[in-house]
Amino acid sequence: MLPDPVKSKYQDLLAIEHQSVELFENRHQQQNIFKPEEVLYKTLGFSIARATSSLVSAGKGVFVTKGLVPKGAVVSMYPGTIYQKYEPIFFQSIGNPFIFRCLDGVLIDGNDKGISKVVYRSCSGRDRLGPLKMSDSTWLTSEIHNPLAVGQYVNNCSNDRAANVCYQELDVPAVFPVELKQYLPNITYSHDKQSLLRCVVLVALRDINQGEELFSNYYTIVC
Ligand SMILES: C[S@@+](CC[C@H](N)C(=O)[O-])C[C@H]1O[C@@H](n2cnc3c(N)ncnc32)[C@H](O)[C@@H]1O
């Protein structure tokens, strides 16, 4: 799918991909090879996933399912559609607990259902560059490509559950490799070539062990 000049930059990775295809053909077990969460564990030393929160009546939360998250590591990403503060979000915001407000008023709608999902998919389809996707929309499906993109499910800290992660806002630099954008779980609502893509990541405030749930402070952002 990649254009040749781009493909040549990733010969090593493509060789690994071919090996995995051969393994699949030999063993007929593709679903057991190179699952995103396994790649995450092998690459960063931990994996995370959504599960029922340890807090009563809090719905789902995000847990470290394997390994250890070292202090200072990016442990998750906040997926969703990026709205500048002057852009309309009225209908998407009704009864929507997944809207993240950045310090400068930019909003991220991380709801994976309803009109929010439709809007994200529409914007993601609009911004394709030939065969290249400019964003990851698999966080809206059960076949996720980027297992970090569950940050909108992290619950708020409470008296007996201190925050172990914080939010860090960043703008994706213009030099970010175009072929890697397909793994970024954010897309702008308006097709505006002037502004940089906003992303929000969650950073570990301390070492976080296997089995622990992630908790943030909804009202604290690191600049
Ligand atoms: C951004 S969502 C987080 C994901 C949510 N737990 C879910 O399953 O959809 C925020 C909502 O989670 C719940 N929540 C988050 N932190 C909580 C807490 N400390 N105690 C109780 N409910 C919480 C509240 O319903 C809140 O509106």
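In this text, all values refer to a predicted model and were calculated from it rather than measured experimentally.

The rules behind each value
Residues numbered from 1 in each chain as written. Predicted model: local features only at pLDDT ≥ 70, side-chain atom pairs only at ≥ 80, totals over all residues. Heavy atoms only, no water. UniProt positions renumbered as here; feature names shortened; annotations may be inferred. Helix = DSSP H or I, 4+ residues; strand = E, 2+ residues; numbered from the N terminus. Disulfide = S-S within 2.5 Å. Buried < 20%, exposed > 50% of the residue type's maximum accessible area, 1.4 Å probe, protein only. Expected span 1.5 Å × (residues − 1). Arc of directions from axis to C-beta. Contact = heavy atoms within 4.5 Å. Polar contact = N/O pair within 3.5 Å; in protein donor to acceptor, adjacent residues only side chain to side chain. Patch = residues over 30% accessible without salt bridge, like charges linked within 9 Å, V, L, I, M, F, W, Y side chains within 5 Å. Areas by Shrake-Rupley, 256 points an atom, 1.4 Å probe, with all protein chains shown as cover. Salt bridge = Lys/Arg side-chain N within 4 Å of Asp/Glu carboxyl O. Lys, Arg positive; Asp, Glu negative; His and termini not counted. Pairing = 2+ DSSP bridges.

Asks: Lay out the UniProt feature "domain: SET" (unreviewed entry) in the protein chain in plain terms, naming residues and giving numbers.
Replies: Those places that UniProt annotates as "domain: SET" (unreviewed entry) correspond, in this numbering, to residues 44-219. Here residues 44-219 is 10% helix and 28% strand, with 28 Å between the C-alpha atoms at its ends.

Asks: Before we move on, could you go through the state of the cysteines and cite the residues and values that matter?
Replies: One pass over the full model with this rule turns up zero disulfides. Not part of a disulfide, Cys157 finds its nearest cysteine sulfur in Cys166, a span of 12 Å. We classify Cys157 as partly exposed; its relative accessible area is 23%. For Cys166, a relative accessible area of 11% puts it in the buried group.

Asks: Quick one: what's the story with unusual backbone geometry, residue by residue and with numbers?
Replies: Positive phi, normally seen in glycine, also occurs at Ser57, with a value near 60 degrees. Positionally, Ser57 belongs in the loop between strand S1 (46-52) and strand S2 (60-67). Look at Ser57 and you get exposed, because its relative accessible area is 76%.

Asks: Tell me about helix H5 (residues 114-126), and name the residues and values.
Replies: Over its 13 residues, H5 runs 19 Å from end to end, which matches the ideal 18 Å to within 8%, given 1.5 Å per residue. Regarding H5, the residues found buried are Ser116, Val119, Tyr120, Cys123 and Ser124. Each buried residue of H5 lies within a common arc of 130 degrees when the element is viewed along its axis, so the set occupies one face. Among the structural elements, strand S4 (80-83), helix H4 (90-93), strand S6 (107-109) and strand S9 (186-188) are those in contact with the buried residues of H5.

Asks: Could you give me a rundown of the environment of Asp207, with the residues and numbers involved?
Replies: In this structure, Asp207 sits in the loop between strand S10 (198-204) and strand S11 (215-216). Those residues in contact with Asp207 that sit more than four places away from it in its chain are Leu68, Val69, Pro70, Lys71 and Glu212. Separated by 2.8 Å, the side chain of Asp207 and the backbone nitrogen of Lys71 make a polar contact.

Asks: I'd like to hear about a nonpolar patch on the surface, residue by residue, with values.
Replies: On the surface, a cluster of nonpolar side chains totalling about 460 Å² of accessible area is made up of Phe90, Phe91, Ile94 and Ile115. Looking at the secondary structure, you find Ile115 in helix H5.

Asks: Requested: an account of the side chain of Asp136, with residues and values cited.
Replies: Note on placement: Asp136 falls in the loop between H5 and strand S7 (155-156). Despite its burial, Asp136 pairs with no opposite charge, the nearest such side chain being Lys133 at 5.1 Å. Separated by 2.6 Å, the side chains of Asp136 and Thr138 make a polar contact. Excluding anything up to four places from it in sequence, Asp136 contacts Tyr120, His145, Asn146, Lys181, Gln182, Tyr183, Leu184 and Pro185.

Asks: If you had to explain the pairing of S10 to someone new, which residues and values would you point to?
Replies: Across the seven residues that make up S10, a large majority, seven, are buried. Residue alternation in S10 divides its side chains into two sets, Arg198, Val200, Leu202 and Ala204 and Cys199, Val201 and Val203, and both sets are buried. Strand direction decides the pairing type here: strand S3 (residues 74-77) and S10, joined by three bridges, are antiparallel. Looking at S10, one finds that Val74 is bridged to Val203. In the sheet, strand S8 (residues 165-171) pairs with S10 via seven bridges, with the strands oriented antiparallel. Bridge pairing links Glu169 to Val200 in S10.

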